[in-house]
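Residues per chain are reported as follows:
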Amino acid sequence: MRMDQLPTPCYVVDEDRLEENLKILAGVMEETGCRILLAQKAFSAYGLYPLIGKYLNGTTASGLFEARLGRQEMALHPEFRGRNLETHVFSAAYREDEFQEIAGLCDHVVFNSFAQLEKFRDTARKMGAGIGLRINPECSTQEGHAIYDPCSHGSRLGITADQFSEEKLSGVEGLHFHTLCEQDADDLERTLDAVEEKFGRYLSLPQMKWLNFGGGHHITRKDYQIPLLIRCIRRIKERYGLQVYLEPGEAVALNAGYLLTKVLDVVENGGVSIAILDTSAACHMPDVLEMPYRPPLKDSGMPGEKAYTFRLAGPTCLAGDVIGDYSFDEPLKVGQELVFQDMAIYSMVKNNTFNGMPLPAIAFMRQGQCRIWKQFGYENFKCRL
């Protein structure tokens with residue numbers, strides 16, 4: 001079916017755009033020998049894992065359920081038998097009742113503290129998982145998004161250099177840092193300077209096999225400095241002889257998704273025209289409220305740019321369930337369909353059923369033709385309560 005025949009609200013993942021991103025990432029791997037993994041926390045539409053697994057080297061997880069998903073739907077997919085697709089996991093702290101299964105599912109387990117390493121090291125070894133530690137290079141490169149800065153003062157994420165000791169590294173074969181969020185390679189280069197200054201002596205230890213650059217690399221953005229990224233990867237490989245991993249989430253599905261919605265009503269208040277949609281910022285695009293983030297909208301402009309400006313809002317009882325102000329060439333009408341763009345990442349993985357809002361359907365699109373992958377109803381709301 002065509003996109004305009006889909007139900008609303010509906011997430012639509014454009015497989016052609018997704019594959020364009022994957023080809024860019026594959027080019028970086030081919031050029032450098034690094035391994036790139038999908039960060040499932042940003043995009044977990046596992047119906048597309050057979051496509052993603054053709055280009056990338058596996059998945060990363062934040063806990064047991066994502067580890068299961070990555071292992072079952074990609075690493076063990078029949079299409080990839082014989083390929084070494086990996087499953088990695090990092091958690092700020094692991095649960096005792098889950099850890100043995102996690103270690104059995106994952107090729108690498110990354111710990112956030114020496115206490116967690118001591119607690120679970122023997123189990124990880126027994127289950128055959130490689131062991132890593134997350135480091136905190138104390139190098140903030142964020143501007144305006146402190147909630148996403150793992151290097152902020154008092155951060156719980158990563159071990160700082162003053163806490164490090166070679167005597168505690170028994171069994172550790174790699175280090176991991178994740179400090180970026182939607183950033184370019186110049187911020188990575190600056191971070192690598194701090195990593196080498198504070199942890200270079202540990203990267204040189206004979207037991208070390210890999211360094212994971214984490215995520216937040218906007219590699220598939222048009223203005224991203226791929227040549228600089230390549231130099232950063234080669235720098236580590238050549239100086240320390242380590243395998244380099246990257247685990248982008250957004251870069252995999254950047255600009256590869258849409259959220260279809262319809263106008264339910266139009267109201268006026270104090271000279272403000274407000275269109276109430278069948279999609280919700282609070283339920284279906286929570287980054288709008290959390291970051292905050294203004295999602296791009298097809299055929300619209302900034303407030304006042306076009307003839308008619310409307311505030312787009314959700315139908316929930318939350319007064320702040322507002323997506324933003326947009327302008328249009330013509331007034332919005334009840335029943336009109338709108339298309340939000342760049343809605344594959346941090347949408348399906350974060351949505352919720354506040355107010356009993358239905359979850360959007362999920363569809364995949366190839367060359368303009370769509371197929372519905374999943375639809376949700378009352379039972380999906382009820383089973384979460």
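Just so it is clear, the model here is predicted, and its values are computed rather than measured.

Enquirer: Let's hear about the layout of surface pockets: which residues, and what values?
Expert: Approximately 920 Å³ is the volume found for the largest pocket. In this structure, the largest pocket is lined by 43 residues; those nearest its centre are K41, Y148, L157, H178 and Y346. Residue classes in the lining of the largest pocket are distributed as 17 nonpolar, 15 polar and eleven charged. What the second largest pocket holds in volume is close to 610 Å³. Taken together, 23 residues form the lining of the second largest pocket, with S44, L69, M348, V349 and N351 sitting closest to its centre. Contributing elements (two or more residues each) for the lining of the second largest pocket: α3 (64-75) and β17 (369-374).

Enquirer: Tell me about the UniProt feature "binding site: substrate" (unreviewed entry) in the protein, and please be specific about residues and values.
Expert: Feature annotation in UniProt places "binding site: substrate" (unreviewed entry) on E250 and D287, given in this structure's numbering. In summary, the annotated positions, though distributed over 38 residues, converge in three dimensions, the widest C-alpha pair being only 13.0 Å. In the annotation above, E250 and D287 are the residues that line the largest pocket. The topology assignment puts E250 in helix α8 (residues 250-253). E250 sits in the buried class, given a relative accessible area of 12%. When neighbours within four sequence positions are excluded, E250 is seen to be in contact with A42, E182, H218, I345 and Y346.

Enquirer: Can you tell me about the packing of helix α6 (residues 185-203) against helix α7 (residues 226-240), naming the residues and giving the values?
Expert: Where α6 contacts α7, the axes come no closer than 10 Å and their chain directions differ by 10°. In terms of axis orientation, α6 runs roughly parallel to α7. Counted together, A185, D186, L188, E189, L192, D193, E196, G200 and L203 of α6 and L228, L229, C232, R235, I236, R239 and Y240 of α7 form the full contact between these two elements. Residues of the contact of α6 with α7, tallied by class, amount to nine nonpolar, one polar and six charged.

Enquirer: For the side chain of N112, give the residues involved together with the corresponding values.
Expert: Along the chain, N112 falls in the loop between β6 (108-111) and α5 (114-126). Of note is the side chain of N112, whose polar atom sits 2.8 Å from the backbone oxygen of R156. A polar atom in the side chain of N112 sits 2.7 Å from the backbone nitrogen of G158. Residues in contact with N112, not counting those within four places in the same chain, are F90, S91, A92, R134, R156, L157, G158 and I159.

Conventions adopted
Residues numbered from 1 in each chain as written. Predicted model: local features only at pLDDT ≥ 70, side-chain atom pairs only at ≥ 80, totals over all residues. Heavy atoms only, no water. 1 Å grid on protein atoms, 1.4 Å probe; cavity = no way out; pocket = protein on both sides within 12 Å on 5 of 7 lines; lining within 4 Å. Points joined across faces, edges and corners; volume = space filled by probe spheres on them. Nonpolar A, V, L, I, M, F, W, Y, C, P; charged D, E, K, R; others polar. Helix = DSSP H or I, 4+ residues; strand = E, 2+ residues; numbered from the N terminus. UniProt positions renumbered as here; feature names shortened; annotations may be inferred. Buried < 20%, exposed > 50% of the residue type's maximum accessible area, 1.4 Å probe, protein only. Contact = heavy atoms within 4.5 Å. Axes fitted to C-alpha atoms, helices over the stretch in contact; angles between N-to-C directions. Parallel < 35°, antiparallel > 145°, perpendicular 65-115°, else oblique. Polar contact = N/O pair within 3.5 Å; in protein donor to acceptor, adjacent residues only side chain to side chain.

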